[in-house]
Amino acid sequence: MLEYSASTLVTMTSDVSPTARTAGDAPAGPARVHEATRWLDADEQRAWRAYMYSWMLLEDRLDRELVRSTGISHAYYEILVQLSETEGRALRMSELAERCLSSRSRLSHAVSRLEERGWVRRQVCPEDGRGQLAVLTDEGFAALAAAAPVHVEGVRTHVFDQLTPEQVAAVRDIGETLLAHLNTQAPEPQPRR
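Residues numbered from 1 in each chain as written. Predicted model: local features only at pLDDT ≥ 70, side-chain atom pairs only at ≥ 80, totals over all residues. Heavy atoms only, no water.

Engineer: What is the right way to look at the nonpolar core in this model?
Structural biologist: Looking at soluble globular proteins, one finds that nonpolar side chains tend to be buried together. In terms of nonpolar packing, the biggest core is built from 25 residues, with Ile 72, Tyr 77, Ile 79, Leu 80, Leu 83 and Leu 96 touching the most fellow members. Of all the elements in the fold, those that place two or more residues in this core are helix H4 (74–84), helix H5 (93–99), helix H6 (104–116), strand S3 (132–136) and helix H7 (138–158). For this core, the leading source of residues is H4, giving 6 residues. (Core = buried A, V, L, I, M, F, W, Y, C linked by side-chain atoms within 4.5 Å. Buried < 20%, exposed > 50% of the residue type's maximum accessible area, 1.4 Å probe, protein only. Helix = DSSP H or I, 4+ residues; strand = E, 2+ residues; numbered from the N terminus.)

The structure is reproduced here in structure tokens:
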């Protein structure tokens, strides 16, 4: 498993330098093309790398714990959560893909695996007879209910137990700011079970 420390993150900031030069003192490679690039300073680079690697490690840890304890991957868990939080526990496949930040083909494959387990079923959309709905079955809801405590304990242990109340507020503020910038169509965040 990869481990990242503060010293690793500092070292990484010096790997790419906007002032890199060739032997003839001309800008090296892409630096010529990207003269207007707004490079990250050392503090910004450290913040970015700390955020990026901690998020990657957190995602990996939560996924491994969930799979080990329940046999459900984090991606499948998110599909079940999204379906459980909608009226009738059903969503159009296209909307479910958007909510899960997945391509339609990847979501279709995942839903097929969940169908094999009896946790989701597909049905024709009654409004137009063309679209397909993914519907959470009672068995799928039971699987989600069994997995939720594992997921919540992982989030509590690896995130909230590590932060002060002020840091939690800052994380929320940062997350909401980035969500507002990155996706004005993002669904309202739902509380996790």
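Next comes the rest of the account.
Engineer: Before we go on, may I ask you to explain the packing of H4 against H6 in this structure?
Structural biologist: Two quantities define a packed helix pair, namely the angle between the helix axes and the distance between the axes. Between H4 and H6, whose axes approach to 11 Å, the crossing angle comes to 85 degrees. Of the possible angle classes, the one that applies to H4 and H6 is roughly perpendicular. Touching Tyr 76, Ile 79 and Leu 80 of H4 are Leu 107, Ala 110, Arg 113 and Leu 114, all from H6. Broken down by class, the residue content of the contact of H4 with H6 amounts to 6 nonpolar, no polar and 1 charged. (Axes fitted to C-alpha atoms, helices over the stretch in contact; angles between N-to-C directions. Parallel < 35°, antiparallel > 145°, perpendicular 65-115°, else oblique. Contact = heavy atoms within 4.5 Å. Nonpolar A, V, L, I, M, F, W, Y, C, P; charged D, E, K, R; others polar.)

Engineer: Would you explain H4 in this entry?
Structural biologist: Helical geometry: 3.6 residues make up each α-helical turn, so side chains three or four residues apart lie on a common side. Taken across its 11 residues, H4 has 10 buried, putting it largely inside the fold. What H4 keeps buried is the set His 74, Tyr 76, Tyr 77, Glu 78, Ile 79, Leu 80, Val 81, Gln 82, Leu 83 and Ser 84.

Engineer: Sorry, what's going on with the sheet that holds strand S2 (residues 120–124) here?
Structural biologist: Strand pairing within a sheet occurs via backbone hydrogen bonds; the two strands may be parallel or antiparallel. Strand order in the open sheet formed by 3 strands is S1-S3-S2, and the pairing between neighbours is antiparallel. Two strands bound the open sheet, and with one partner strand each, they are strand S1 (90–92) and S2. Adjacent strand axes in the sheet meet at a mean angle of 30 degrees, parallel and antiparallel pairs treated alike. When S2 meets S3, the two strands line up antiparallel, connected through 5 bridges. When the sheet's bridge partners are listed, Gln 123 is paired in S3 with Leu 133. Those strands touched by H4 are S1, S2 and S3, and its axis lies near 95 degrees from that of S3. (Pairing = 2+ DSSP bridges.)

Engineer: What's the story with the side chain of Gln 82 in this structure? I'm lost.
Structural biologist: Mapped onto the elements, Gln 82 comes out in helix H4. Its relative accessible area of 9% is what places Gln 82 among the buried residues.

Engineer: Teacher, can you tell me more about the pattern of salt bridges here?
Structural biologist: A side chain with one charge may pair with a side chain of the opposite charge, provided their charged atoms come close. Evaluated as defined, the whole model comprises 6 salt bridges. Here Glu 95 and Arg 99 are joined by a salt bridge, their closest N and O atoms 3.1 Å apart. You can see Glu 95 and its partner Arg 99 sitting in helix H5, 4 residues apart, about one turn around the helix. Relative accessible area serves as the criterion here: at 32%, Glu 95 is assigned to the partly exposed category. According to the relative accessible area criterion, Arg 99 is partly exposed, its value standing at 26%. (Salt bridge = Lys/Arg side-chain N within 4 Å of Asp/Glu carboxyl O.)

Engineer: Can you walk me through the packing of helix H3 (residues 42–70) against H7 in this structure?
Structural biologist: Viewed as axis vectors pointing N to C, H3 and H7 meet at an angle of 150 degrees, and their least axial separation amounts to 10 Å. Judged on the interaxial angle alone, H7 and H3 are roughly antiparallel. With respect to the hand of their crossing, H3 and H7 are arranged in right-handed fashion. Contact residues: Leu 58, Arg 61, Leu 62, Glu 65, Leu 66, Ser 69 and Thr 70 in H3; Ala 147, Val 150, His 151, Gly 154, Val 155 and His 158 in H7. Classifying every residue of the contact of H3 with H7 gives 6 nonpolar, 5 polar and 2 charged. (Left-handed = near helix turned anticlockwise from the far one by under 90°.)

Engineer: Hey, could you run me through H3 in this one?
Structural biologist: Its 29 residues place the ends of H3 41 Å apart at the C-alpha level, agreeing with the 42 Å of an ideal helix rising 1.5 Å per residue. Here H3 has its buried residues at Gln 45, Arg 49, Tyr 53, Leu 58, Leu 62, Glu 65 and Leu 66. The residue sitting at the N-terminus of H3 and contributing the capping side-chain oxygen is Asp 41; that oxygen lies 3.0 Å from the backbone nitrogen of Asp 43. A positive phi of about 80 degrees marks Gly 71, the residue just after H3. (Expected span 1.5 Å × (residues − 1). Polar contact = N/O pair within 3.5 Å; in protein donor to acceptor, adjacent residues only side chain to side chain.)

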